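# Chains, contacts and geometry: an overview
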Amino acid sequence: MTRVPAALPTQVVRWHVFPDDASLVANALARVVAAARDAIAQHGAFDIVLAGGHTPRKLYRALRNADADWPRWHVWFGDERCAPPKDPERNSRMAHEEWLDHVAIPAGNVHAIPAESGAREAAVLYARELRSIDAFDFVLLGLGEDGHTASLFPGHDWGMHADSPDAIAVFKAPKPPPERVSLSAQRLSNARKVLYLVEGVGKRDAIAAWKRGDAIPAASITPECGVDVLLDAAAAAAAET
Ligand code: 6PG
């Protein structure tokens, strides 16, 4: 059953355009490291949610060299593809290769989605694990060409309701692989900071739709703090039209 409300709750969006991906990645890195310092100073830990796909790779690679209190970091995933843990399709494998295998974050602090168990069971197991924390300190998200974010796709349930589960099983996803697990919109919105990383000309139409106020999945993430969207010039061109 698709439950997409007619009108999305208000989403406060701050757009930031960068001339190239180097400056975009540097800005994202500074935001993550600063947020970690603040969270650890305030409550002794930093809970970050990772985005999948290709765009965040450079940020994860840059995090390898960050001066951070790694033992206090907890890493969660916004979505995962249903494949064995070592499969190159897995977002968790990408994050390990680019970053997690190179820093001293304790293995027990890396909370992978058990997507190898199949979407339905993995969603139940991950929702149970998420009960251990309240608001995320930092949520990283990407944007698909159709306006999807995490694995919340147009025409599917985005889990925007207060009683929506924290994690959703996704089938027939338009972006391969078809079987996935995604955190729901309501759970991703329970965050102190939300940052979208968006690069490339392919994202122009989705950006234009977002700015027009269309009900796209990316617009369903509505934390009180608002969201920041880092765009490169190629993706931002639409913003001017
Ligand atoms: C996934 C992602 C997905 C991604 C967007 C953008 O597992 O595929 O979580 O939501 O962020 O599709 O992907 P790119 O960064 O590769 O363009």
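First things first, this report covers the structure right here in the doc. (Residues numbered from 1 in each chain as written. Predicted model: local features only at pLDDT ≥ 70, side-chain atom pairs only at ≥ 80, totals over all residues. Heavy atoms only, no water.)

## Observations regarding the sheet that holds strand 7 (residues 167-170)
In space, the 3 strands of this open sheet follow the order 4-8-7, with antiparallel pairing throughout. Both edges of this open sheet fall to strand 4 (79-81) and strand 7, since each of them pairs with a single strand only. Strand after strand, the sheet turns through a mean of 15° between neighbouring axes, direction not considered. Where strand 7 lies against strand 8 (residues 180-183), 4 bridges are found, and the strand directions are antiparallel. Across the sheet, the residue bridging to Val 170 is Arg 180, located in strand 8. Helix 4 (residues 119-130) contacts strand 7 and strand 8 of the sheet and is inclined by roughly 170° relative to strand 7. (Pairing = 2+ DSSP bridges. Helix = DSSP H or I, 4+ residues; strand = E, 2+ residues; numbered from the N terminus. Axes fitted to C-alpha atoms, helices over the stretch in contact; angles between N-to-C directions. Contact = heavy atoms within 4.5 Å.)

## Details of the side chain of Asn 109
Mapped onto the secondary structure, Asn 109 falls in the loop between helix 3 (91-98) and strand 5 (110-111). Accessibility expressed as a relative area gives 11% for Asn 109, which makes it buried. In contact with Asn 109, other than residues within four places in its own chain, are Pro 71, Trp 73, His 74 and Val 75. (Buried < 20%, exposed > 50% of the residue type's maximum accessible area, 1.4 Å probe, protein only.)

## As for the sheet that holds strand 9 (residues 194-198)
The strands making up a sheet are joined through hydrogen bonds of the backbone, oriented either antiparallel or parallel. On the basis of which strands lie adjacent, the open sheet formed by 7 strands has the order 1-10-9-6-2-3-5 and parallel pairing. One side of each edge strand has no neighbouring strand; the edge strands of this open sheet are strand 1 (13-18) and strand 5. As judged from the 2 bridges shared by strand 3 (residues 73-77) and strand 5, these two strands associate in the parallel manner. Note that in strand 5 the partner of Val 75 across the bridge is Val 110. Helix 4 contacts strand 3 and strand 5 of the sheet and is inclined by roughly 150° relative to strand 3.

## Looking at the packing of aromatic side chains
Summed over the entire model, instances satisfying the criterion amount to 9 aromatic pairs. With 5.9 Å between their ring centres and 25° between their planes, Tyr 60 and Trp 99 make a pair best called stacked. Linking Tyr 60 in helix 2 (residues 57-63) with Trp 99 in the loop between helix 3 and strand 5, this pair joins segments that are 39 residues apart in sequence. Here Tyr 60 matches Trp 99 in class, with each residue buried. An aromatic cluster of three or more residues is present, and its members are Phe 46, Tyr 60, Trp 70, Trp 73, Trp 99 and Phe 138. Its end group placed over the ring of Phe 136, Arg 187 keeps NZ or CZ at 4.5 Å from the ring centre. (Phe/Tyr/Trp six-rings, centres within 6.5 Å; stacked < 30°, edge-to-face > 60°. Lys NZ or Arg CZ within 6 Å of the ring centre and 35° of its normal.)

## A short note on unusual backbone geometry
In this chain, Pro 176 is followed by Pro 177 through a cis amide linkage whose omega measures 0°. Considering the arrangement of structural elements, one finds Pro 177 in the loop between strand 7 and strand 8. With a phi angle near 45°, Ala 150 is a residue other than glycine that sits in the positive phi range. Along the chain, Ala 150 falls in the loop between strand 6 (138-141) and strand 7. The backbone of Lys 172 sits at a positive phi, close to 50°, despite the residue not being glycine. Examined against the element boundaries, Lys 172 turns out to sit in the loop between strand 7 and strand 8. Classification of Lys 172 by relative accessible area gives exposed; the value is 74%.

## Brief notes about the nonpolar core
By size, the foremost hydrophobic cluster in this structure holds 79 residues, and its most contacted members are Phe 46, Leu 63, Trp 73, Trp 99, Leu 140 and Tyr 196. Broken down by element, this core gets its largest block of residues, 8 residues, from helix 1 (residues 21-43). Setting aside residues no more than four positions away along its own chain, Leu 140 makes contact with Ile 48, Val 49, Leu 50, Ala 51, Leu 59, Tyr 60, Leu 195 and Leu 197. (Core = buried A, V, L, I, M, F, W, Y, C linked by side-chain atoms within 4.5 Å.)

## A few points about the site of the ligand
Every one of the 15 residues lining the ligand counts as a neighbour, but Thr 55, His 148, Ala 150, Lys 175 and Lys 203 are closest to it. Separating an oxygen atom of the ligand from a side-chain N or O atom of His 148 is a distance of 2.6 Å. A distance of 3.1 Å is found between an oxygen atom of the ligand and a side-chain nitrogen or oxygen belonging to Arg 180. For the ligand, the accessible surface in isolation is 420 Å², of which the surrounding protein chains cover 90%. (Near = heavy atom within 4 Å. Polar contact = N/O pair within 3.5 Å; in protein donor to acceptor, adjacent residues only side chain to side chain. Areas by Shrake-Rupley, 256 points an atom, 1.4 Å probe, with all protein chains shown as cover.)

## With respect to the pattern of salt bridges
Per the counting criterion, the structure on display carries 16 salt bridges. A salt bridge links Arg 31 to Asp 228; its shortest N-O distance comes to 3.9 Å. One end of the pair, Arg 31, is in helix 1; the other, Asp 228, is in strand 10 (residues 227-232), with 197 residues separating them in the sequence. Looking at Arg 31, the relative accessible area reads 26%, which means it is partly exposed. Assessed through its relative accessible area of 11%, Asp 228 is described here as buried. Close ionic contact of Lys 58 with Glu 199 constitutes a salt bridge, the shortest N to O distance being 3.4 Å. On the criterion of sequence distance, the pair formed by Lys 58 in helix 2 and Glu 199 in the loop between strand 9 and helix 6 (204-212) is long-range, its members being 141 residues apart. Take Lys 58: its relative accessible area is 31%, and that puts it in the partly exposed class. Within the structure, one salt-bridge network assembled from shared partners comprises Arg 14, Arg 31 and Asp 228. (Salt bridge = Lys/Arg side-chain N within 4 Å of Asp/Glu carboxyl O.)

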